[in-house]
Amino acid sequence: MRPKERRDSGQADLLRSRLDAIIDMNHALVKLARTIDWSFLEERFGAVYEDKPGRPPLPTRLMAGLAILKHTCDLSDEVLCERWVENPYYQFFCGEEFFQHRLVFDRSSLTRWRQRMGEEKLQALLQESLSVATKTEAIKPSDLNRVIVDTTVQPKNVMFPTDARLLNRAREILVRLAKRQGLALRQSYARVGKFALIKHQRYAHAKQFKRANRALKTLRTYLGRVIRDIARKIEGRTDPLGEIVLGRMLALARRVLDQKQHQRGPKVYSLHAPEVECIGKGKAHRPYEFGVKVSVATTLAHAKGGQFVTHVKALPGNPYDGHTLKTVIPDMEVLIGNIIERLVLDKGYRGHNAPPEYKFRVFTSGQKRRVTPQIKRELRRRSAVEPVIGHLKSEHRMGRNYLWHRQGDAINAVLAAAGYNFRRLLRWLEFFLRQILVQLIRRIQLVPN
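All figures in this text were calculated on a predicted structure; none of them were measured in a lab. (Residues numbered from 1 in each chain as written. Predicted model: local features only at pLDDT ≥ 70, side-chain atom pairs only at ≥ 80, totals over all residues. Heavy atoms only, no water.)

**Remarks on the packing of helix H3 (residues 38–46) against helix H7 (residues 107–135)**
For step 1, the next point in the chain: Two numbers describe how H3 lies on H7: the axes approach to 9 Å, and their chain directions differ by 145°. In terms of crossing hand, the pair formed by H3 and H7 is right-handed. Judged by residue contacts, Phe40, Leu41, Arg44 and Phe45 of H3 engage Trp113, Met117, Glu120, Lys121, Leu122, Ala124, Leu125, Gln127 and Glu128 from H7. (Axes fitted to C-alpha atoms, helices over the stretch in contact; angles between N-to-C directions. Helix = DSSP H or I, 4+ residues; strand = E, 2+ residues; numbered from the N terminus. Left-handed = near helix turned anticlockwise from the far one by under 90°. Contact = heavy atoms within 4.5 Å.)

**Observations concerning helix H13 (residues 373–380)**
For step 1, the next point in the chain: Of the residues making up H13, those classed as buried are Ile375, Glu378 and Leu379. An end-on view of H13 places all buried positions within 100° of arc, on one side of the element. Along H13, the residues that are exposed and aim more than 90 degrees away from the buried face are Pro373 and Arg380.
For step 2, the next point in the chain: Those residues of H13 hidden inside the fold are in contact with strand E1 (146–155), strand E5 (342–345) and strand E6 (361–364). (Buried < 20%, exposed > 50% of the residue type's maximum accessible area, 1.4 Å probe, protein only. Arc of directions from axis to C-beta.)

**Re empty space enclosed by the protein**
If you roll a probe as big as a water molecule over the atoms, it shows you where there is empty space left.
For step 1, the next point in the chain: Counting across every chain of the model gives 2 cavities of 30 Å³ or more.
For step 2, the next point in the chain: Volume-wise, the largest cavity comes out at about 40 Å³.
For step 3, the next point in the chain: What lines the largest cavity is simply Met63, Leu66, Ala67, Lys70, Leu80, Leu110, Trp113 and Arg114.
For step 4, the next point in the chain: Contributions of two or more residues to the lining of the largest cavity are made by helix H4 (60–72) and H7.
For step 5, the next point in the chain: A total of 4 residues in the lining of the largest cavity trace back to one element, the largest contributor, which is H4.
For step 6, the next point in the chain: Tallied by class, the residues present in the lining of the largest cavity amount to 6 nonpolar, no polar and 2 charged.
For step 7, the next point in the chain: Considered as a void within the structure, the second largest cavity measures approximately 30 Å³ in volume.
For step 8, the next point in the chain: In terms of lining residues, the second largest cavity is bounded by Leu29, Leu32, Ile68, Leu69, Thr72, Phe93, Phe422 and Leu426.
For step 9, the next point in the chain: Looking at the lining of the second largest cavity, the elements with two or more residues in it are helix H2 (28–35), H4 and helix H15 (405–446).
For step 10, the next point in the chain: Among the elements that take part in the lining of the second largest cavity, H4 stands out by supplying 3 residues, more than any other. (1 Å grid on protein atoms, 1.4 Å probe; cavity = no way out; pocket = protein on both sides within 12 Å on 5 of 7 lines; lining within 4 Å. Points joined across faces, edges and corners; volume = space filled by probe spheres on them. Nonpolar A, V, L, I, M, F, W, Y, C, P; charged D, E, K, R; others polar.)

**Description of the layout of surface pockets**
For step 1, the next point in the chain: Estimated volume of the largest pocket: approximately 770 Å³.
For step 2, the next point in the chain: Contributing to the lining of the largest pocket are 27 residues, with Asp163, Lys260, Gln261, His262 and Lys267 lying nearest its centre.
For step 3, the next point in the chain: Sorting the residues of the lining of the largest pocket by element identifies helix H8 (163–180), helix H9 (190–205), helix H10 (209–233) and strand E3 (288–299) as the ones contributing at least two each.
For step 4, the next point in the chain: With 5 residues, the top contributor of residues to the lining of the largest pocket is H10.

**Things to note about the packing of aromatic side chains**
For step 1, the next point in the chain: Taken as a whole and assessed by the stated rule, the structure comprises 6 aromatic pairs.
For step 2, the next point in the chain: When the centroid spacing of 5.6 Å and the interplanar angle of 80° are considered together, the rings of Trp84 and Phe105 count as edge-to-face. Separated by 21 residues along the polypeptide, Trp84 in helix H5 (residues 77–86) and Phe105 in the loop between helix H6 (88–93) and H7 bring together distant segments of the chain.
For step 3, the next point in the chain: Taking relative accessible area as the criterion, Trp84 reaches 0% and is therefore assigned buried.
For step 4, the next point in the chain: Relative to Phe290, the ring of Tyr269 has its centre 5.4 Å away and its plane inclined at 50°; by these criteria the two rings are tilted. Of this pair, Tyr269 sits in the loop between helix H11 (240–258) and strand E2 (277–280) while Phe290 sits in strand E3; the two residues are 21 residues apart in sequence, bridging distant segments of the chain. Accessibility assignment for this pair places Tyr269 and Phe290 in one class, buried.
For step 5, the next point in the chain: Three or more aromatic residues joined by ring pairs form one cluster here, namely Phe160, Tyr269 and Phe290. (Phe/Tyr/Trp six-rings, centres within 6.5 Å; stacked < 30°, edge-to-face > 60°.)

**Looking at the pairing of E1**
For step 1, the next point in the chain: In terms of burial, E1 is largely enclosed, as 9 of its 10 residues are buried.
For step 2, the next point in the chain: Sheet topology places E1 next to E5; 3 bridges connect them, and they run parallel. Looking at the pairing, Val147 lines up with Leu343 of E5.
For step 3, the next point in the chain: When E1 meets E3, the two strands line up antiparallel, connected through 9 bridges. Note on E3: the bridge partner recorded for Gln154 is Val292. (Pairing = 2+ DSSP bridges.)

Structure, rendered in structure tokens:
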């Protein structure tokens, strides 16, 4: 069943006050709620549902508004639910007519809604933020034709991986799953495994690497014994669910057991998030980051409303930066609805694979040929994408991704970009209102008595 559209009846209630009677209607969040085309979002998100009997889902404006507020204000799901009950502006933004003293949704509905929409549908939030920016004259439509593209790393919510910790953790998880399935193991190595891990950490900290390697070998032996013991015990079992869960964990534990320090190819860096990749960006304070590479595109021109994110996409597999343009550019043109005229990139994109059928120019930092004075000024603007990436990470939940699997990586990146754009719009609407008030005051002062 499709979600029911929540419409404002305009009627009063003797026992309750309408929200538009108790809040400031000139507040930036109210202005933003009235500018967003909610019917466009209802059409895009409603296409996921089918017209079948069953319990109707929650209204699209409620769920889309919650997703916008979460990443605009950098809130977790739990804190967002608490703020929603307390804040009448949040409730008005999400389409409520009267003040609600209790939650009208369950916290887990946020997770299920994100998973149901996916990356492709959630791009509509980013698209609508750019549409609102052009409506409110924060940017010009021509500003979307020239963009800066760069890549960054979206870290996953995992501990810093070490071989010793991974080996010990794999053994602990296998022992716990075996106990849950009623398997009697020969030995769990719970006590001696813990001491071996402590020994390895202390020896490594003291730079006594021979002793540390002996402790690491001990941990590897314990894990191998547990793997072989469980494999023997589940050979004749017919429990399909337990066999699937244990089989997946056994395969993951074998990968951890077999991987070496300098091996080529993908490795396991986290047991609860095996999709995590190790990416080196050359930073002195953080040589390696564990997560997924993300491409970020922003407007090049210095608009009145600031710099807006025009496209963002998670790129699993840690591809070379120059080889990402073939994927990014077609998606970007579909999203913004404009034909790109110029791309400004850093030196990491040299040797790019931009599609030759597109009629745009690509300029990289340090380029000398076919560079006019105007393009030189635009190349100096290339570094303006770096503070945007910093804001995405520090204020819009891209600095640590808590959503699961590769789908969670893609969803979090898109929602972070939409949250950044809507925050720019709130600042712009506040500034715009102040300017209008100043002009009105000046006109009043100029009018003779």
